[in-house]
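Observations on the three-dimensional arrangement
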Number of protein chains: 2
Amino acid sequence: VILTVTLNPALDLTYGVDTLVRHGTHRVRTVAARPGGKGLNVARVLHQLGEPVGATGLIGGGTGAEILALLADRPHAFAPVAGTSRRTVTVVDGDATGFWEPGPTVTPGEWASFRAHFAALLDGADVVVLSGSLPPGVPADGYAALVTAARAAGVPVILDADGEPLRHGVAAGPDVVKPNASELAAWWRTPPGGGDPYAAARRMRSAGAGAVIATRGAAGLLAVTPDGAWRAAPPQPVPGNPTGAGDACVAALARGLRHGTPWPQLVADAVALSAAAVTEPVAGSVHLPTYAHLRDTVVAEAAGPAAVPTEEC
Amino acid sequence: VILTVTLNPALDLTYGVDTLVRHGTHRVRTVAARPGGKGLNVARVLHQLGEPVGATGLIGGGTGAEILALLADRPHAFAPVAGTSRRTVTVVDGDATGFWEPGPTVTPGEWASFRAHFAALLDGADVVVLSGSLPPGVPADGYAALVTAARAAGVPVILDADGEPLRHGVAAGPDVVKPNASELAAWWRTPPGGGDPYAAARRMRSAGAGAVIATRGAAGLLAVTPDGAWRAAPPQPVPGNPTGAGDACVAALARGLRHGTPWPQLVADAVALSAAAVTEPVAGSVHLPTYAHLRDTVVAEAAGPAAVPTEEC
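As the structure is a prediction and not an experimental result, all values here were calculated from the model.

Focus: the pattern of salt bridges
- For the structure shown, the criterion picks out 20 salt bridges over all chains.
- Note that arginine 87 of chain A is salt-bridged to glutamate 66 of chain B, the shortest N-O span being 3.3 Å. With arginine 87 of chain A in strand β7 (residues 86-92) and glutamate 66 of chain B in helix α2 (residues 61-70), the pair connects residues from two separate chains. Like arginine 87 of chain A, the residue glutamate 66 of chain B is buried in the burial classification.
- Between arginine 29 of chain B and aspartate 18 of chain B there is a salt bridge; the shortest N-O distance is 2.9 Å. Here aspartate 18 of chain B lies in the loop between β2 (10-16) and β3 (25-27) and arginine 29 of chain B lies in the loop between β3 and β4 (30-36), a separation of 11 residues in the sequence. No difference in accessibility class separates arginine 29 of chain B from aspartate 18 of chain B, as the two residues are exposed.
- Linked through salt bridges whose partners overlap, the residues forming this network are Lys38, Asp160 and Asp247 of chain A.

Quick look at the relation of the copies chain B and chain A
- By a simple turn and slide, chain B fits onto chain A: the slide is 0.0 Å along the axis, the RMSD is 0.0 Å, and the turn is 180°. Here the symmetry operator amounts to a two-fold rotation axis.
- Of all interface residues in chain B, 100% are interface residues in chain A too; the two copies therefore contact each other through one and the same surface.

What to know about the interface of chain B and chain A
- On the chain A side, the residues contacting the 30 residues of chain B number 30 residues.
- In this assembly, chain B packs against chain A so that about 2500 Å² is buried in total across both faces, 56% of it on carbon and sulfur atoms.
- Here chain B and chain A share 4 salt bridges between them.
- With a shortest N-O distance of 2.9 Å, aspartate 93 of chain B and arginine 22 of chain A are connected by a salt bridge.
- If you look at where chain B meets chain A, you find 20 residue pairs in polar contact (both at pLDDT 80 or more).

Quick look at helix α9 (residues 263-278) of chain B
- Taking 1.5 Å per residue, 16 residues should reach 22 Å; α9 of chain B reaches 23 Å between its end C-alpha atoms and fits that length.
- Within α9 of chain B, 14 of the 16 residues are buried, which leaves the element mostly enclosed by the surrounding structure.

Quick look at the side chain of threonine 88 of chain A
Residues and elements named next belong to chain A.
- With respect to the helices and strands, the residue threonine 88 is situated in strand β7.
- In terms of polar contacts, threonine 88 uses its side chain to reach the side chain of aspartate 12, at 2.5 Å.
- Non-local contacts of threonine 88, meaning those with residues more than four positions away in its chain, are made with Ala10, Leu11, Asp12, Leu13, Phe99 and Trp100.

Some thoughts on the side chain of threonine 56 of chain B
Residue and element names in this part refer to chain B.
- For threonine 56, the location among the structural elements is in strand β5 (residues 53-59).
- For threonine 56, a relative accessible area of 0% translates into the label buried.
- In terms of polar contacts, threonine 56 uses its side chain to reach the side chain of histidine 117, at 3.4 Å.

About the criteria used
- Residues numbered from 1 in each chain as written.
- Chains lettered and ligands numbered in written order.
- Predicted model: local features only at pLDDT ≥ 70, side-chain atom pairs only at ≥ 80, totals over all residues.
- Heavy atoms only, no water.
- Salt bridge = Lys/Arg side-chain N within 4 Å of Asp/Glu carboxyl O.
- Helix = DSSP H or I, 4+ residues; strand = E, 2+ residues; numbered from the N terminus.
- Buried < 20%, exposed > 50% of the residue type's maximum accessible area, 1.4 Å probe, protein only.
- Least-squares fit on C-alpha atoms with pLDDT ≥ 70 in both.
- Contact = heavy atoms within 4.5 Å.
- Buried area = accessible area lost by both parts, 1.4 Å probe.
- Polar contact = N/O pair within 3.5 Å; in protein donor to acceptor, adjacent residues only side chain to side chain.
- Expected span 1.5 Å × (residues − 1).

Shown next as structure tokens:
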């Protein structure tokens, strides 16, 4: 089973309104509620692909109960916290305006309990996915501790994080790290768009990452792995909603690690699955016909410093 | 006990953000969650005044469970519905931007069950308050049916509604109706600010209302009752948040009906309590020192057509 970890899950609310007017009052025409957080989006894509998947993380309060109710028929084993899980509210009037609650403050005792809970869950896991933001109270080296536990248990681990949790997590030696262009540039302390992503990915490998799969929007993926480097992109730009493309990429990587898929094939597959998320209106879903079409079309090419123009980063 | 009816209760969320930017993404700095809906605001003010109060209405889903959890220590007897109770989201960046979910769609069977539930609760009630919007599915004559049941049980009933539910409700003969200026003008089919509120209130009495207490913002109250007409206003304008002043006024009226307070005294008391809500940041709360001060200051004067300049309406 692929175990996805969502330490700061959310109740994602999407409100349809006519036109958002600052300091106005709006009747919400349509309300959609979904479980959110990057780890749960990855789990939902894997479930859609028929992969065995389990979800864990920290959850609490009335909002946590609402999230769990929406997960009802999916396997999950969240650990409770005394605080209240967050909501996100996205107001759509053609384009989107987002409001993100911070999430509950996790106590040191709750974090210690979760680590024990996570260690027990590693027993049945083929691959672990660590994805998304940390709630207040979880230390910046929280993902590093989970990477260390997964490595000790011999379970491959994928990390999709940002900022200090990414920095600490890379140092703990995850099998795969999946930064986007701005996360990779911030990690290397270069301005976004500056610096050579190939060099940055190599540097991230030498800092501890087994493989680095850098997503670059319409420019596709750059993979720097122990077996070589590849890049791949969709044959033409895919119009739609890029939210969730990164989560679909992580889902493809988790499935590939579980099945021992060779890197060139896995990189092409991750590009196809990411593009199939862009055509969907919400994160955590892929358009299966688009995926089937692109899977037969996308081909990974060997990559190196010269093959990646810096202006694409 | 004063029984407050909230057919469309809400989970009221208030988000503090730095600056609302349309089509931007916002970190929510502060989150406050409160039970909402006008009837629950009235109940909260009555509770603050030490009056015995019970709350009923229709509630459902995860949001309903969150509302009930926030009411935990207050007496309530809500009837369940299969749909999900609404949220309201108010984003504050100095001024407020509001998003109002519509509420659950109530089935005919659920509405019939509620009417039976309400009839049973009338047994222990001294006064009934019907306040706020109807959720989808409750018929426009919903309040009228509840007024009729309360009258049949000999329980005085106060109605604070708008539009068609107000029109039907007035015809059923409630003891007190509390429109604001725009509700009264709409009921009389005159533009807001046009028409004579004294004449409109008299007309509403002849349409079925026992007494009409019209709120007029800073201009205070106009009361047209079986015993005469009065008006009263705070000695000077009260700066603050007018949301909730109407609910505090209804709370004062409910307490006055329960204790048999004479109209002039009750009108002055309602003005004082309404003004004491304006100084509070959220609806459903009054500032007790302001109330104590104004209660000794505000005096009701006899009113008639000539005493109410139309431009104040």
